[in-house]
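Each chain, written out:
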Amino acid sequence: MRRMSVSDFPRIDKQELFARLAKGQQAGVTVVMPNRRLAQELAREFDAGRIAAGLQAWEAADILPFGSFVERLWESAVYSSLGGETMLLLSASQEQALWEEIIAASPWAANLLSPTRTAADCRDAWRLAHAWGIEGALDKFPGNDDARAFAEWASAYAVKTVREIDAARLPAAVAKLLTSAAIAKPQLLVTYAFDIMPAQTGGFLRAIHGAGVEVVQCGPRRRQAVAIRATYASAREELAAAASWARARLEAAHAGGTQRDANYPRIAVVVPGLEQRRQEVQRVFTRVMEPGANLPGAEIRALPFNISIGVPLASYPLAHAALGFLALATGEVDYALASRLIRSPFVAGAESELEQRAQLDAKLRESMPARVTLARIVGTIDGCPLLRGRFEALFNYANANLSGRQSPHAWARHFSALLEAAGFPGERTLDSAEFQTRVKWYEVLGEFALLERVLPRLSCAQALVRLRRLATDALFQPESGAAPVQILGILESAGLEFDHLWVSGLTDDAWPLPARPNPFIAVALQKKAGIPEAAADTALALDRRITDDWIAAAEEVVVSHPLREKDRELLPSALISTLPEGEVNVPDFPRYRDTLHAARLLHTVADGIAPPYTAREVRGGTRVLADQAACPFRAYARHRLGADGISTPADGLDARDRGNLLHALMAQLWETLQTKARLDALTAAELTAAIEDAASFAVAKVRSQRAGILEGRLAELERARLARLAREWLLVESTRGDFEVVSREERRTLEVAGLAFTGRIDRMDWTSDGVPVGGHILIDYKTGRATPNDWLGNRPDDPQLPLYAIAAKQDVIGVAFARIKAGEMRFMGLTRDNAVLPKVKTAEWQGLFAVWRRELDALGQEFADGVARVDPKRKLKTCTHCDLQPLCRVHERLLALEDDEEGGEE
């Protein structure tokens with residue numbers, strides 16, 4: 001007698017299915033689906049039909065994914081008289097931990113780049129093998145090293161879990177129990193939209209049918225669609241057109257009153273590679289469908305679209321903060337993370353001390369290293385008593401409870417207690433998305449605690465790594481009610497029905513998808529089992545069927561593809577090339593900024609002139625004139641408004657530290673040497689002692705200014721580096737004639753345009769070498785890029801030395817940069833006479849001084865007059881490292897025309 005095939009089960013149409021579901025639970029109807037999204041959509045459609053029938057209350061339909069149905073039957077067995085015969089069901093995280101343990105103990109482990117990723121791939125292969133009934137043949141088919149390794153791992157995993165069950169083996173285990181009356185089974189089981197029926201699923205359906213349950217098939221209605229193929233210049237334009245189309249269909253339904261039962265029509269956009277393009281899709285659809293959603297202070301409300309793919313839980317602010325607090329309590333973290341935690345809204349007192357904590361963060365950035373500990377932060381908190389109290393509580397609990405190796409359950413309790421000590425999740429009321437994120441976070445923490453069953457005791461660091469991985473692997477998306485527009489990936493759209501459907505990105509290299517056999521199972525075995533993705537012909541047949549289903553899934557269907565990707569021309573997929581090409585006419589929805597601009601009421605204000613500067617003394621030194629030359633607004637914002645950017649703690653020494661070290665080194669060295677004659681007279685040992693003393697002095701001075709920066713081995717390395725620089729530089733100095741260093745790091749008050757600037761001259765030498773009556777040379781130490789061209793032309797880039805020169809009472813005969821960089825040691829500057837400095841050019845001195853006076857007077861007068869226009873000297877190149885761009889909005893001023901021509905930013 002022939003065994004009944006799944007295809008032999010009778011079919012019913014959707015109308016009959018809904019009629020049976022309408023009878024309620026007494027009819028005993030259960031509908032199983034391939035995935036959760038399809039189950040939710042079918043349930044929503046059934047509910048909409050109940051509303052259309054005028055009902056205000058009805059029994060919920062029993063519609064759920066096939067895997068959930070099998071788990072429900074398993075739970076029924078566990079809590080029945082069969083409980084003694086059932087094994088414990090492993091959670092996903094427990095499966096992962098066991099695979100990792102088995103892989104780590106195998107001889108293959110040494111060859112793996114990421115054992116964790118390999119364990120996840122093995123779980124997928126294990127599920128695939130059981131789904132298609134080939135688990136018993138894994139070691140019987142020849143394959144590559146991956147297949148052989150997996151066969152060994154799978155055998156070890158089966159032995160290790162002989163007394164347990166996992167999701168891959170659960171359908172087969174439940175099928176053996178279905179004949180028992182102790183398991184609650186439905187009267188009618190409906191399989192909906194199972195285009196692909198794995199062997200395991202088919203076997204389960206035959207088993208439940210044999211246990212007396214009626215099994216029928218059902219699927220979506222096929223429609224006579226009007227389908228067209230549209231082309232666009234780029235993928236970006238294609239996505240924007242799809243968003244505008246979705247909005248147009250939504251507004252048309254709303255205006256015409258055609259929405260069904262107060263629900264908008266079902267609109268879907270399918271985007272290949274949605275996981276990689278999710279952020280772009282979110283940005284484009286938000287801009288088109290909810291233009292003001294990102295405005296400051298805008299009401300938080302559900303968007304009219306839903307993206308089917310979630311994002312890692314760890315990326316949500318609340319979960320990210322929770323992981324951050326745990327990391328800070330248990331070890332050293334980047335200051336960037338500590339900064340976010342100090343200002344986080346998810347710690348107690350965040351609202352009460354909002355401004356004080358922002359100021360504290362800015363202050364700590366001036367002195368903190370790139371990586372910090374909780375103890376160090378607690379010791380420097382000032383002006384934020386609530387924050388200090390919470391961080392002290394966090395430190396005290398961590399110090400008392402986080403030592404040794406403990407079970408995952410114990411670590412879960414400690415992690416919860418740490419967050420409670422921090423006052424997590426803060427004092428303000430959480431919005432809906434944050435509340436759901438918090439619930440999901442504690443679900444993940446509970447999942448972590450269950451690892452106690454399969455994992456030995458862990459250290460705190462190991463436990464936190466495990467928890468962070470779970471939060472990263474958990475894809476999450478807060479629920480916000482039914483959205484009329486669904487944005488789906490290719491495979492997620494299978495089996496769904498819509499009123500309007502747009503399928504994008506169908507180029508010949510994107511669709512059909514290539515064959516994609518699982519790398520851990522021999523390809524020949526996968527082909528023999530009939531896995532569609534394993535071979536090119538079956539993969540093509542599957543994608544052709546999906547394409548046909550798209551065409552019949554809605555009354556209006558648009559398939560589209562871009563024509564170019566950068567310089568590469570793109571062709572349409574062969575599966576859609578026969579569709580008639582057409583044009584989708586949608587309104588050109590204006591951008592929100594364009595709407596605001598069109599409705600503007602203009603008041604012209606001359607914003608390039610500020611009130612005059614009335615004081616005589618100017619704070620900021622000669623940097624004021626350099627900023628005025630670079631951009632008048634920069635000088636005004638920094639030196640009159642006090643608009644300074646916040647510092648970013650560097651890993652080790654930053655540029656300012658290295659500059660301070662160099663200046664301290666040279667100042668101390670020339671305090672010892674004084675003159676060229678003294679330099680020449682020193683013995684090698686005396687010179688070495690002088691250099692090493694100066695290097696030690698410099699390190700000690702900078703260390704006193706920034707505690708904790710130069711300690712231990714780093715301080716030794718820096719002293720050695722400074723000594724090498726000094727020795728190499730003195731070789732350059734030794735090529736000069738006689739000179740005397742007459743001032744070092746001397747502060748002077750310099751006047752220009754009636755303003756007094758305080759400056760510091762790195763060094764001034766007196767020399768008579770090559771000069772009849774002698775003269776003075778101004779020297780500025782530099783380690784980075786510097787050139788005498790910075791002093792020349794209009795609005796000189798670096799007016800410091802020119803200002804010192806014209807303001808000096810001494811007879812200045814030369815100005816020079818001392819370039820102190822290993823391998824590039826030299827003087828760069830200008831002198832009045834030849835041979836004053838080695839390899840330095842001469843200049844027409846009186847004319848040069850006249851130009852400097854004119855330019856510096858002009859800059860000083862501009863600053864005094866309040867000239868503050870946004871006028872970067874070299875356009876946007878000047879703005880590259882400027883932190884004032886959000887204030888001056890230079891891009892809006894300089895790129896307005898280009899932005900309009902290119903369509904603007906997204």
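Residues numbered from 1 in each chain as written. Predicted model: local features only at pLDDT ≥ 70, side-chain atom pairs only at ≥ 80, totals over all residues. Heavy atoms only, no water.

S.K.: Whenever I open this one, the overall build of the chain confuses me. Can you help?
M.R.: Looking only at helices and strands, one finds 32 helices and 25 strands in the chain. Taken over the C-alpha trace, the chain has a radius of gyration of 37 Å; the compact-globule value for 906 residues is 29 Å, which it surpasses by more than 25%. Considering only C-alpha atoms, the chain reaches an extent of 120 × 65 × 55 Å along its principal axes. Counting all 906 residues of the chain, 48% fall into the buried class. Taking contacts inside the chain between residues at least 6 apart in sequence as the whole, the part at least 24 apart equals 76%. When the accessible area of the chain is evaluated, it comes to approximately 44100 Å², of which 52% is carbon and sulfur surface. In the chain, 109 positive and 117 negative side-chain charges are present, and the distance between their average locations comes to 2 Å. (Helix = DSSP H or I, 4+ residues; strand = E, 2+ residues; numbered from the N terminus. Rg over C-alpha atoms; globule rule 2.2 N^0.38 Å. Buried < 20%, exposed > 50% of the residue type's maximum accessible area, 1.4 Å probe, protein only. Contact = heavy atoms within 4.5 Å. Areas by Shrake-Rupley, 256 points an atom, 1.4 Å probe, with all protein chains shown as cover. Lys, Arg positive; Asp, Glu negative; His and termini not counted. Charge placed at Lys NZ, Arg CZ, Asp CG, Glu CD.)

S.K.: What exactly am I supposed to notice about the environment of P220 here?
M.R.: Within the element layout of this structure, P220 appears in the loop between β6 (214-218) and β7 (226-232). A C-alpha to C-alpha distance of 23 Å links P220 and W511, two positions 291 residues apart in sequence. Residues in contact with P220, not counting those within four places in the same chain, are Y192, A193, G495 and E497.

S.K.: Quick question: what am I supposed to make of the side chain of R229 here?
M.R.: Within the secondary structure, R229 sits in strand β7. In this structure R229 touches V559, H561, P572, I576, S577, L579, P580, E581 and G582, once residues within four positions along its chain are discounted.

S.K.: Help me understand the sheet that holds β6, please; the structure alone is not making it clear to me.
M.R.: Strand pairing in a sheet takes place through backbone hydrogen bonds and is either antiparallel or parallel in direction. Read from one edge to the other, the open sheet built from four strands follows the order β2-β1-β5-β6, with strand pairing classed as parallel. On the outer flanks of this sheet lie β2 (63-65) and β6, each paired with one strand and no other. Pairs of neighbouring strands in the sheet enclose a mean axial angle of 30 degrees, with direction left out of account. Across the sheet, helix α3 (residues 66-78) lies against β1 (29-33), β2 and β5 (188-192), angled at about 100 degrees from β2, the strand it touches most. (Pairing = 2+ DSSP bridges. Axes fitted to C-alpha atoms, helices over the stretch in contact; angles between N-to-C directions.)

S.K.: Looking at this structure, how should I read the state of the cysteines?
M.R.: Put plainly, two cysteines are in a disulfide when a covalent bond ties their sulfur atoms together. One pass over the structure, following the stated rule, counts zero disulfides. Sulfur of C631: no disulfide; nearest cysteine sulfur belongs to C879 and is 6.4 Å away. (Disulfide = S-S within 2.5 Å.)

S.K.: Even after reading the chapter, I still don't get the pattern of salt bridges, so can you show me in this structure?
M.R.: Working definition: two side chains of opposite charge can pair if their charged atoms are close together. By the definition in use, this model includes 65 salt bridges. In this structure, E581 and R229 form a salt bridge, with 3.9 Å as the shortest nitrogen-oxygen distance. Pair noted here: E581 is in the loop between β18 (568-569) and α21 (592-598) and R229 is in strand β7, with a separation of 352 residues, a long-range link. Between R721 and E718 there is a salt bridge, and its shortest N-O distance comes to 2.4 Å. Taken together, the positions of R721 and E718, both in helix α27 (residues 712-733) and three residues apart, correspond to about one turn of that helix. Overall, R721 belongs to the partly exposed group, its relative accessible area being 24%. Within this structure, K14, E41, R44, E45, R221, R223, R266, E497, D499 and E555 form a network of salt bridges that share partners. (Salt bridge = Lys/Arg side-chain N within 4 Å of Asp/Glu carboxyl O.)

S.K.: How do you make sense of empty space enclosed by the protein when you look at a structure like this?
M.R.: Gaps left between atoms show up when a probe the size of a water molecule is rolled over them. The full count for this structure, using the stated rule, is two cavities of 30 Å³ or more. The volume enclosed by the largest cavity comes to roughly 70 Å³. Listing elements by their share of the lining of the largest cavity, those giving two or more residues are α23 (632-639) and α30 (885-888). Each residue belonging to the lining of the largest cavity can be placed in one class, and the counts come to seven nonpolar, one polar and one charged. (1 Å grid on protein atoms, 1.4 Å probe; cavity = no way out; pocket = protein on both sides within 12 Å on 5 of 7 lines; lining within 4 Å. Points joined across faces, edges and corners; volume = space filled by probe spheres on them. Nonpolar A, V, L, I, M, F, W, Y, C, P; charged D, E, K, R; others polar.)

S.K.: Looking at this model, I keep getting lost on the sheet that holds strand β14 (residues 485-488). Mind explaining?
M.R.: Here we have six strands laid out as an open sheet, ordered β7-β16-β15-β8-β14-β9, and parallel in their pairing. Whereas interior strands pair on both sides, the edge strands pair on one side only; in this sheet they are β7 and β9 (305-307). Along the sheet, successive strands turn relative to each other by an average axial angle of 15 degrees, direction set aside. Bridging between strand β8 (residues 267-270) and β14 involves four bridges; their strand directions are parallel. The partner of I267 across the bridge, within β14, is V485. Seen against the sheet, helix α10 (residues 274-289) touches β8, β9 and β14 and runs at an angle of roughly 170 degrees to β9.

S.K.: Explain the side chain of T30 here, please?
M.R.: Residue placement: T30 occurs in strand β1. A distance of 2.6 Å separates the side chain of T30 from the side chain of D62, its partner in a polar contact. Leaving out residues up to four positions away in the same chain, T30 has contacts with D62, L64, F69, R72, P186, L188, L189 and V190. (Polar contact = N/O pair within 3.5 Å; in protein donor to acceptor, adjacent residues only side chain to side chain.)

S.K.: How should the nonpolar core be read in this particular structure?
M.R.: Side chains of nonpolar character tend, in soluble globular proteins, to be buried together. Counting 92 residues, the largest nonpolar core has F150, F391 and F415 as its most contacted members. Beyond its immediate chain neighbours, meaning those up to four positions away, F150 contacts W99, C122, A125, W126, L138, F520 and I521. Of all hydrophobic cores here, the second largest spans 44 residues; its members include M666, A695, V741 and Y781. (Core = buried A, V, L, I, M, F, W, Y, C linked by side-chain atoms within 4.5 Å.)

S.K.: Help me understand helix α12 (residues 335-342), please; the structure alone is not making it clear to me.
M.R.: The periodicity of an α-helix, 3.6 residues per turn, causes residues three or four positions apart to be oriented the same way. Burial analysis of α12 places six of its eight residues in the buried class, the great majority of the element. Of all the positions in α12, only Y335, L337, A338, S339, L341 and I342 are classed as buried. Among the structural elements, α11 (317-330), β11 (333-334), α13 (354-364), β12 (371-372), α14 (374-380) and α15 (385-401) are those in contact with the buried residues of α12.

S.K.: Explain the packing of helix α5 (residues 115-131) against helix α6 (residues 145-160) to me, please; I cannot follow it from the model alone.
M.R.: A packed helix pair is summarised by two numbers, namely the angle formed by the two axes and the spacing between the axes. Orientation of α5 relative to α6, taken along the N-to-C sense of each, is 80 degrees, at an axis distance of 11 Å. It follows from the interaxial angle that α5 and α6 lie roughly perpendicular. Along the contact surface, α5 presents T118, C122, A125 and W126, while α6 presents F150, W153, A154, Y157 and A158. Here the residues of the contact of α5 with α6 are counted per class, giving eight nonpolar, one polar and no charged. (Parallel < 35°, antiparallel > 145°, perpendicular 65-115°, else oblique.)

S.K.: Would you mind showing me how to read unusual backbone geometry here?
M.R.: For the bond from F424 to P425, the omega torsion is 5 degrees, close enough to zero to count as cis. The topology assignment puts P425 in the loop between α16 (408-421) and α17 (432-449). Here the amide bond leading from W511 into P512 is cis, since omega sits at 5 degrees, within 30 degrees of zero. For P512, the location among the structural elements is in the loop between β15 (500-503) and α19 (523-529). One non-glycine residue, R795, lies in the positive phi region at around 50 degrees. Tracing the backbone through its elements, the reader meets R795 in the loop between β22 (775-782) and α28 (800-807). With a relative accessible area of 18%, R795 lands in the buried category.

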